[in-house]
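A look at the structure
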Amino acid sequence: MPGTFQVSEAVLAHASPAELGVLVCERQGRPPFAESCYVKRLSVIGKKLGIRLFAFAPWTWNPRDDSVKGWTWNDKLRDWKPARRKLPSVVYDRAWPESEEEKLRYRRALRTIQAAKRLVFLNGMLPHKGKVYEMLARDRALSAYLPPTAIYEGVPSLASWLRKHNRSAFLKPVAGSQGKRVLALALRQDGTVSLTGRDDRNRPIARSCADEADALRRIDRWIGGRMYLMQPMLDLRSFSGEPYDVRALMQKNRRGRWSLTGVAARIGSPTSVTANLHGGGTAASAAAALAAQFGERRGSELLEEISGLSSSIASRLEQTFGRFAEIGLDFGIERSGKLWFLEANSKPGRAAMGSAGEEAAAAAAEQPLSYAKSILLRLATTDARRPPQGSGCASPGRVIHEFDHL
């Protein structure tokens, strides 16, 4: 096909080994890192594709011999085994720092490696939610799907917001994930205020405040120095009262083209303000959930709308923020049938895809590796044709998400 890069896989055998490193945060115990089941599945699939896969924490890198402590899944022993491995040239970020301290350690370790080595990231990184909203709002076609959004700037900003948005607000951290530390507040008719949400361990929060002033003081202390967004309380509940949203998983195929892997509904408990699976939500077929909510015809129309929007948003994010291998996109649908784009995630989970069908569940794990293999082939061919020059390192501090010509 004209313009499509094709190369024999034999090239890879005669060049550098096809190794993919999965970035994790190593910790004590078994399994030695989060998402071990997913990484194990990647390892099994990778073996079939001719990719040797291992997980490692960036702080285990030793610059003297350019090695890391790599964890490899041993099928016979049914366990993860550690060994020093050469730092891979292509990495897939699936690290989940559990604390601010661990997050800082992870970032510092990556910066240290990037200052000396060339790393190709399988997936790019999105900026905070505020910047994503700001960028998408400049697109007239997409702005209609964005809820009103503003940065929290202290008690006066939230008080003003409540006056303009039906005496309620939904607050979420700009760098949050998995529904942690979100908060919903609503002023009741008797002057009291209800606060519901989730703490930093994803445990439910439910408080009642005597009045608005009391609630605003509590919220300001709770937010502290963190950066938060304010949004209206959208009516994103089913007719039976459960909060729900729709997750679309966009992934690159082996040719580097975006495709919609699957769409699933996530349903929370009636007492929750979120539908995230990490917060106790359950996954369901999006087609079945939307048909039950809006009828077959309107449900089908919404799925088509979500599909088209997902393609447009993924392309727009990539044009602005660099190359990506996959992006999870969350949508909310009001009881009126109004569709809203809620947020994008550059490190999407896989659990919900099981409800999108067997094909989607399989593709969710296979697509990143097929795409990684195409990058490894390109790397092997480029390196084989390029004469040795200098150290072969990227410029200090530079992150290479992918080749510029892809």
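Anything mentioned here points back to the structure above.
Quick look at the structure, then.

Reading the values: the criteria
Residues numbered from 1 in each chain as written. Predicted model: local features only at pLDDT ≥ 70, side-chain atom pairs only at ≥ 80, totals over all residues. Heavy atoms only, no water. Pairing = 2+ DSSP bridges. Helix = DSSP H or I, 4+ residues; strand = E, 2+ residues; numbered from the N terminus. Axes fitted to C-alpha atoms, helices over the stretch in contact; angles between N-to-C directions. Contact = heavy atoms within 4.5 Å. Core = buried A, V, L, I, M, F, W, Y, C linked by side-chain atoms within 4.5 Å. Buried < 20%, exposed > 50% of the residue type's maximum accessible area, 1.4 Å probe, protein only. Phe/Tyr/Trp six-rings, centres within 6.5 Å; stacked < 30°, edge-to-face > 60°. Lys NZ or Arg CZ within 6 Å of the ring centre and 35° of its normal. Parallel < 35°, antiparallel > 145°, perpendicular 65-115°, else oblique. Left-handed = near helix turned anticlockwise from the far one by under 90°. Polar contact = N/O pair within 3.5 Å; in protein donor to acceptor, adjacent residues only side chain to side chain. Right-handed = clockwise from strand over helix to strand, strands pointing away.

1. Focus on the sheet that holds strand 14 (residues 258-267)
One open sheet accounts for five strands, arranged 15-14-13-16-17; its pairing is antiparallel. If you trace the sheet from one side to the other, it starts and ends with strand 15 (282-285) and strand 17 (339-345), each paired once. Across the sheet, the mean angle separating the axes of adjacent strands is 35° when strand polarity is ignored. Note that strand 16 (residues 326-333) and strand 17 share six bridges and pair antiparallel. Counted as the bridge partner of Leu-329 is Ala-344 from strand 17. Contacts from helix 8 (residues 286-294) reach strand 13 (244-252), strand 14, strand 15 and strand 16 within the one sheet, and its direction differs from that of strand 15 by about 80°.

2. What to know about the nonpolar core
The nonpolar side chains of a soluble globular protein tend to be buried, and buried together. Grouped together as the largest cluster of nonpolar side chains are 33 residues, with contacts concentrated most on Leu-136, Leu-317, Leu-329, Phe-331, Ile-333 and Phe-341. For this core, the secondary-structure elements that each account for two or more residues are helix 4 (129-137), strand 13, strand 14, helix 8, helix 9 (296-321), strand 16 and strand 17. The leading source of residues in this core is helix 9, at six residues. In terms of nonpolar packing, the next biggest core, distinct from the first, is built from 27 residues, Val-24, Val-39, Trp-71 and Trp-80 among them.

3. Some thoughts on helix 4
Because an α-helix packs 3.6 residues into every turn, residues spaced three or four apart end up facing the same way. Along helix 4, the residues classified as buried are Lys-129, Gly-130, Val-132, Tyr-133, Met-135 and Leu-136. Against helix 5 (140-143), strand 8 (168-173), strand 12 (228-231), helix 9 and strand 17 lie the buried residues of helix 4.

4. Details of the sheet that holds strand 10 (residues 193-198)
Strand order in the open sheet made by the six strands is 7-12-8-9-10-11, with antiparallel pairing throughout. Of all the strands in the sheet, just strand 7 (150-151) and strand 11 (204-209) have a single pairing partner and so form its edges. As defined by bridge partners, strand 10 adjoins strand 11 across six bridges and the pair is classed as antiparallel. Considered in strand 11, the bridge of Gly-197 is made with Ile-205. Across the face of the sheet, helix 6 (residues 155-164) comes into contact with strand 7, strand 8, strand 9 (183-187) and strand 12 while running at roughly 135° to strand 8.

5. A short note on the packing of aromatic side chains
For the structure shown, the criterion picks out five aromatic pairs. Pairing Phe-33 with Trp-80 gives two aromatic rings, centres 5.0 Å apart and planes at 65°, and the pair type is edge-to-face. With Phe-33 in the loop between strand 1 (19-23) and helix 2 (36-49) and Trp-80 in strand 4 (residues 79-86), the pair connects residues that are 47 residues apart, well separated along the chain. Neither residue differs from the other here; Phe-33 and Trp-80 are each classed as buried. Aromatic side chains Phe-331 and Phe-341 sit 5.7 Å apart centroid to centroid with 65° between the ring planes, which places their arrangement in the edge-to-face category. Within this pair, whereas Phe-331 is found in strand 16, its partner Phe-341 is found in strand 17, the two being separated by 10 residues in sequence. Members of the aromatic cluster, joined through ring pairs, are Phe-33, Trp-73 and Trp-80. Taking NZ or CZ as reference, Arg-105 lies 4.0 Å from the ring centre of Trp-59, over its face. The cationic tip of Arg-181 hangs over the ring face of Trp-222; the distance from NZ or CZ to the ring centre is 4.1 Å.

6. Side note on the packing of helix 8 against helix 9
For the pair helix 8 and helix 9, interaxial distance at closest approach is 7 Å and the crossing angle is 130°. With respect to helix 9, the axis of helix 8 lies oblique. For the pair helix 8 and helix 9, the sense of crossing is right-handed. Residue-level contacts link Ala-286, Ala-287, Leu-290, Ala-291 and Phe-294 of helix 8 to Glu-296, Arg-298, Gly-299, Leu-302 and Leu-303 of helix 9.

7. As for the side chain of Glu-326
Mapped onto the elements of the fold, Glu-326 is located in strand 16. Classification of Glu-326 by relative accessible area gives buried; the value is 0%. Within the structure, the side chain of Glu-326 is placed 2.9 Å from the side chain of Gln-251, a separation counted as a polar contact. Separated by 2.5 Å, the side chains of Glu-326 and Arg-350 make a polar contact.

8. Some points on the pairing of strand 2 (residues 52-56)
Most of strand 2 is tucked away: four of the five residues are buried. Judged from the five bridges that link them, strand 1 and strand 2 form a sheet pairing that is parallel. Residue pairing in the sheet places Glu-19 in a bridge with Arg-52 of strand 2. Once the chain exits strand 1 it traverses helix 2 before rejoining the sheet at strand 2, and the crossover so formed is right-handed.

9. As for unusual backbone geometry
In the segment running from Arg-30 into Pro-31, the intervening peptide bond is cis, with an omega of -5°. In this structure, Pro-31 sits in the loop between strand 1 and helix 2. Although it is not a glycine, Glu-35 sits at a positive phi angle of roughly 60°. Here Glu-35 is to be found in the loop between strand 1 and helix 2. One non-glycine residue, Asp-66, adopts positive backbone phi at about 55°. Along the polypeptide, Asp-66 turns up in the loop between strand 2 and strand 3 (67-74). The exposure class assigned to Asp-66 is buried, which follows from its relative accessible area of 10%.

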